[in-house]
Each structure stands twice: as structure tokens, then as C-alpha cells.
Amino acid sequence: MTSKKTKAFDKVLPGQALPELAIPITVQLITAGAIATRDYFPGHHDKDAARELGSPHVFMNILTTSGLAQRYVEDWAGPAACFKDLKIKLGAPNYPGDTMTFTGEVTGRDEASRTVQVTLKGKNSMGNHVTGTATLVLP
């Protein structure tokens, strides 16, 4: 799905769908994301601690989810796109062994600022893990 070319503002219109992106959820992804974001909360890297909290396994932190959401939109938009805003809301947790599938759609376009808004969601077997919007400036 990675695009080497940046989307041109003039070619992006509301209603355009972004391609799906399926991300396997692994212990390594959850743990590495937590460590990379300096989130040492035990529920993100210690299965026994997560179970003591009532969780069946370690679970993804919001910063990892945010990074994956940005990756999804950036892969579609291209390397010269500039993020202006990313707003996300968490829903169902991401646990190892599941897959989160991102989908998105262009839902807004502003000529004056050359920005586009993308509405996105990342869904796993329990429902929406993340929903939100990204606003980008395109050349």
C-alpha cells in the first residue's frame, strides 16, 4: 500500500476511499510500541499484570494506535503530505492474535488551505478499536 508519490490536492475529492490496511496484532507490536513511546505500564508488556487488571492479555497503548493511524493515512497520502491534525478515539482493545483493519474516506476538502480531511477507523474482531479524523495539507 505504500505510495512513493504524494497525492495532489486537485486529484483528491470527498468520497474517495482509502485502500484497506490489515495489521496483525502481535505481542511484539504491542510491547515495542509501548517501549518506543516510553509507556512502561505493565498492561502493555506483562501478561500476568494485564490479567490481574482483568484483561486476557497485554493490550495496545494509545500512542501505538496513534502511530498506526498516522501510518495508514500517510501511506495513502504520500511523503510530501503534511499532517495538520490527528484526532482519534479508542474503542475495543487490541489484543495479540487479532488483526486490526484500517479503512478510511476523504470527508472534507478546503481550497483556501489546500487541506483534506480523512475519516478513518481501525476495526478488530470485537469492533472498532480506533475511530478518528486526520487533516492534511497536500501539494
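Residues numbered from 1 in each chain as written. Predicted model: local features only at pLDDT ≥ 70, side-chain atom pairs only at ≥ 80, totals over all residues. Heavy atoms only, no water.

Student: Would you mind showing me how to read the UniProt feature "domain: MaoC-like" (unreviewed entry) in the protein here?
Tutor: UniProt's entry tags residues 20–120 with the feature "domain: MaoC-like" (unreviewed entry), counted in the numbering of this structure. As annotated, residues 20–120 comprises 32% helix and 32% strand, and the C-alpha atoms at either end are separated by 10 Å. (UniProt positions renumbered as here; feature names shortened; annotations may be inferred. Helix = DSSP H or I, 4+ residues; strand = E, 2+ residues; numbered from the N terminus.)

Student: It is not clear to me how the pattern of salt bridges should be interpreted in this structure. Could you clarify?
Tutor: As a working rule, side chains carrying opposite charge can pair if their charged atoms are close by. Counted under the stated rule, the structure contains three salt bridges. Lys87 is the salt-bridge partner of Asp85, the closest N and O atoms lying 3.7 Å from each other. The partly exposed category is assigned to Asp85, whose relative accessible area is 30%. Residues Arg109 and Glu111 are paired through a salt bridge, measuring 2.5 Å at the closest nitrogen-oxygen approach. The exposure class of Arg109 is partly exposed, given its relative accessible area of 26%. (Salt bridge = Lys/Arg side-chain N within 4 Å of Asp/Glu carboxyl O. Buried < 20%, exposed > 50% of the residue type's maximum accessible area, 1.4 Å probe, protein only.)

Student: For this particular structure, what's the right way to read unusual backbone geometry?
Tutor: A negative phi angle characterises most non-glycine residues, just as the trans form characterises most peptide bonds. Here Arg38, not a glycine, exhibits a phi torsion of approximately 55°, which is positive. One can find Arg38 in the loop between helix 1 (27–36) and helix 2 (47–52). One non-glycine residue, Arg114, lies in the positive phi region at around 55°. Tracing the sequence through the fold places Arg114 in the loop between strand 3 (99–110) and strand 4 (115–124).

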